[in-house]
Amino acid sequence: MTAPPAHQDFWAFIDLLSKNAALPYVTLIGSWAEYIYAQSGLLPGFSASLRTLDIDFLIENMRKPRDKISLSAIAQEAGYLLARDSLTAVTKIYSVGGLEIEFLIAQRGAGLEPSLHTNLGVNATPLSHLHMLDRHKIQLQVFGYDLQVPLPEAYVLHKVIIHPKRGIKQEKDREALAALAPHLQPERFRQVFEDLTKAERKAVLNLQRGFSFLSDFLL
């Protein structure tokens with residue numbers, strides 16, 4: 001059976017990153033991470049329900065790799081459309097099939113910069129609460145590619161923390177978290193929780209009533 005067009009576009013971009021030695025420097029953190037959980041067999045019985053054409057990659061270090069890579073130029077040469085926000089200068093890459101690919105990076109200090117230029121040749125969006133995903137990640141091999149994704153427990157806790165800011169995406173996030181919850185490891189969940197900042201732990205505890213499964217892991 002042929003993969004859906006969005007999945008074909010996804011793997012085409014992963015292949016582009018791999019062939020240009022960029023894959024080790026990014027972590028897939030958006031909803032497509034759920035797809036990798038399912039495809040890798042990491043969570044037996046879990047099935048991802050993808051309803052987005054947005055792909056988010058977290059860049060761990062803006063100064064890596066030491067030998068710079070120009071993903072913007074590489075993507076353009078490969079037929080992708082490149083856009084740069086006129087206000088923030090954030091780089092977005094679009095596939096012919098409609099995928100919107102964006103790069104994020106953990107916010108530094110007061111977080112006043114609207115974007116940060118990276119050695120991967122793209123301008124990334126700085127956001128808060130991304131350090132936890134970088135600290136708690138795992139490498140999985142799918143279709144011959146070594147992909148970095150957050151540990152499912154870190155992925156879920158991050159979704160909980162940012163939930164109040166998700167607007168119309170809140171319901172979709174709730175459904176995704178409910179599907180992931182039965183597959184989480186309680187001990188690892190508590191370890192990730194304890195590694196959060198004080199403010200992040202407080203945010204999770206304040207949202208326990210809205211996410212009933214949290215009590216099963218935090219009691």
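Within each chain, residue numbers correspond to sequence positions counted from 1 in written order. Local features in a predicted model are, by the rule used here, given only for residues with pLDDT of at least 70; side-chain atom pairs are given and counted only at 80 or more, and totals for whole chains, interfaces and linings are based on all residues. Only heavy atoms go into the side-chain values, all of them from the structure, while hydrogens and water stay out.

Sorry, what's going on with the overall build of the protein here?
Helix and strand labels come from DSSP, where a helix needs a run of H or I of at least four residues and a strand needs a run of E of at least two; each type is numbered from the N terminus. On a plain count of helices and strands, the protein comes out with nine helices and nine strands. For this measure, only C-alpha atoms enter the radius of gyration; the expected value for a globule follows 2.2 Å times N^0.38, where N is the number of residues. On C-alpha atoms alone, the protein measures out to a radius of gyration of 17 Å, which is about the 17 Å that the 2.2 N^0.38 rule sets for 219 residues. Across its three principal axes, the protein shows a C-alpha extent of roughly 50 × 50 × 30 Å. Taking all 219 residues of the protein together, the buried fraction comes to 46%. When contacts within the protein are restricted to residue pairs at least 6 apart in sequence, long-range pairs at least 24 apart make up 66% of them. Exposure was quantified through the Shrake-Rupley algorithm and a 1.4 Å probe, taking into account, for residues, occlusion by the shown protein chains and nothing else. Total accessible area on the protein stands at roughly 11300 Å², and carbon and sulfur atoms take up 51% of it. Lys and Arg are tallied as positive, Asp and Glu as negative. Neither His nor the chain termini are counted. Where a charge lies is defined by one atom per residue type: Lys uses NZ, Arg uses CZ, Asp uses CG and Glu uses CD. Charged side chains in the protein number 23 positive and 23 negative. The centres of these two groups are separated by 6 Å. Think of it in three bands: residues with accessible area under 20% of the maximum for their type are buried, residues over 50% are exposed, and the middle band is partly exposed, with areas taken using a 1.4 Å probe on protein chains only. In this analysis, two residues are considered to be in contact whenever any of their non-hydrogen atoms come within 4.5 Å of each other.

Explain the packing of helix 5 (residues 152–162) against helix 6 (residues 170–180) to me, please; I cannot follow it from the model alone.
A pair of packed helices is captured by two measures, namely the crossing angle of their axes and the spacing between those axes. The angle between two axes is taken between their N-to-C directions and runs from 0 to 180 degrees, where each axis is a line fitted to C-alpha atoms and a helix contributes only its stretch in contact. Orientation of helix 5 relative to helix 6, taken along the N-to-C sense of each, is 150°, at an axis distance of 11 Å. Here helix 6 runs roughly antiparallel to helix 5, going by the angle between their axes. For helix 5 against helix 6, the interelement crossing comes out left-handed. Two secondary-structure elements touch here, helix 5 through Tyr 155, Val 156, Lys 159 and Val 160 and helix 6 through Asp 173, Leu 177 and Leu 180. Nonpolar residues are Ala, Val, Leu, Ile, Met, Phe, Trp, Tyr, Cys and Pro. Charged residues are Asp, Glu, Lys and Arg, and all others, Gly as well, are polar. Grouping the constituent residues of the contact of helix 5 with helix 6 by class yields five nonpolar, no polar and two charged. Under this scheme an angle from 65 to 115 degrees is roughly perpendicular, one under 35 degrees roughly parallel, and one over 145 degrees roughly antiparallel; angles in between are oblique. Helix crossings fall into two classes, left-handed where the near helix is turned counterclockwise from the far one by less than a right angle and right-handed where it is turned clockwise.

Mind showing me how you'd approach the pairing of strand 3 (residues 81–84) here?
The side chains of a regular strand alternate, residue by residue, between the two faces of the sheet. In this structure, strand 3 lies alongside strand 4 (residues 91–94), joined through four bridges in antiparallel fashion. When the sheet's bridge partners are listed, Ala 83 is paired in strand 4 with Lys 92. Counted along the chain from strand 3 to the antiparallel partner strand 4, the turn is six residues long, and its residue Ala 89 has a positive phi close to 70°. A pair of strands is labelled paired if DSSP reports no fewer than 2 bridges between them.

Explanation requested: the pairing of strand 8 (residues 137–142) in the structure shown.
Here six bridges tie strand 8 to strand 9 (residues 145–150), and the two strands are oriented antiparallel to one another. Following the sheet pairing, Gln 139 is matched in strand 9 by Gln 148. The turn joining strand 8 and strand 9, which pair antiparallel and follow one another in sequence, is formed by two residues; a positive phi near 55° is taken by Phe 143.

What's the story with the environment of Leu 16 in this structure? I'm lost.
Summarising the element assignment, Leu 16 is placed in helix 1 (residues 5–19). Leu 16 sits in the buried class, given a relative accessible area of 14%. The spatial distance from the C-alpha of Leu 16 to the C-alpha of Pro 182 is 34 Å, given a sequence separation of 166 residues. Ignoring sequence-local partners within four residues, the contact set of Leu 16 consists of Ile 74, Ala 75, Ala 78 and Tyr 80.

Mind showing me how you'd approach the nonpolar core here?
Note that soluble globular proteins tend to have their nonpolar side chains buried in a common cluster. Grouping buried Ala, Val, Leu, Ile, Met, Phe, Trp, Tyr and Cys residues that are joined through side-chain atoms within 4.5 Å yields what is termed a nonpolar core. Among the nonpolar cores identified, the biggest contains 68 residues, and Phe 10, Ile 36, Phe 57 and Phe 103 are the most heavily contacted of them. Leaving out residues up to four positions away in the same chain, Phe 10 has contacts with Leu 28, Trp 32, Tyr 35, Ile 36, Ile 55 and Leu 99.

Explain the packing of helix 1 against helix 2 (residues 32–40) to me, please; I cannot follow it from the model alone.
Here helix 1 crosses helix 2 at 90°, and the two axes come no closer than 13 Å. Classed by the angle they form, the pair helix 1 and helix 2 counts as roughly perpendicular. Taken together, the residues of helix 2 that come into contact with helix 1 (itself represented by Ala 6, His 7, Phe 10 and Trp 11) are Trp 32, Tyr 35 and Ile 36. In terms of residue class, the contact of helix 1 with helix 2 is made up of six nonpolar, one polar and no charged.

Explain the pattern of salt bridges to me, please; I cannot follow it from the model alone.
When their charged atoms lie close together, side chains carrying opposite charge are able to pair. A carboxyl oxygen of Asp or Glu within 4 Å of a side-chain nitrogen of Lys or Arg is what we treat as a salt bridge. One pass over the full model with this rule turns up nine salt bridges. The partner of Asp 15 in a salt bridge is Lys 19, and the shortest N-O contact between them spans 3.1 Å. Of this pair, Asp 15 and Lys 19 both sit in helix 1, four residues apart, which is roughly one turn of that helix. A relative accessible area of 22% means that Asp 15 is categorised as partly exposed. The residue Lys 159 makes a salt bridge to Asp 173 at a minimum N-O spacing of 3.4 Å.

No statement about biological role is implied by the geometric values presented.
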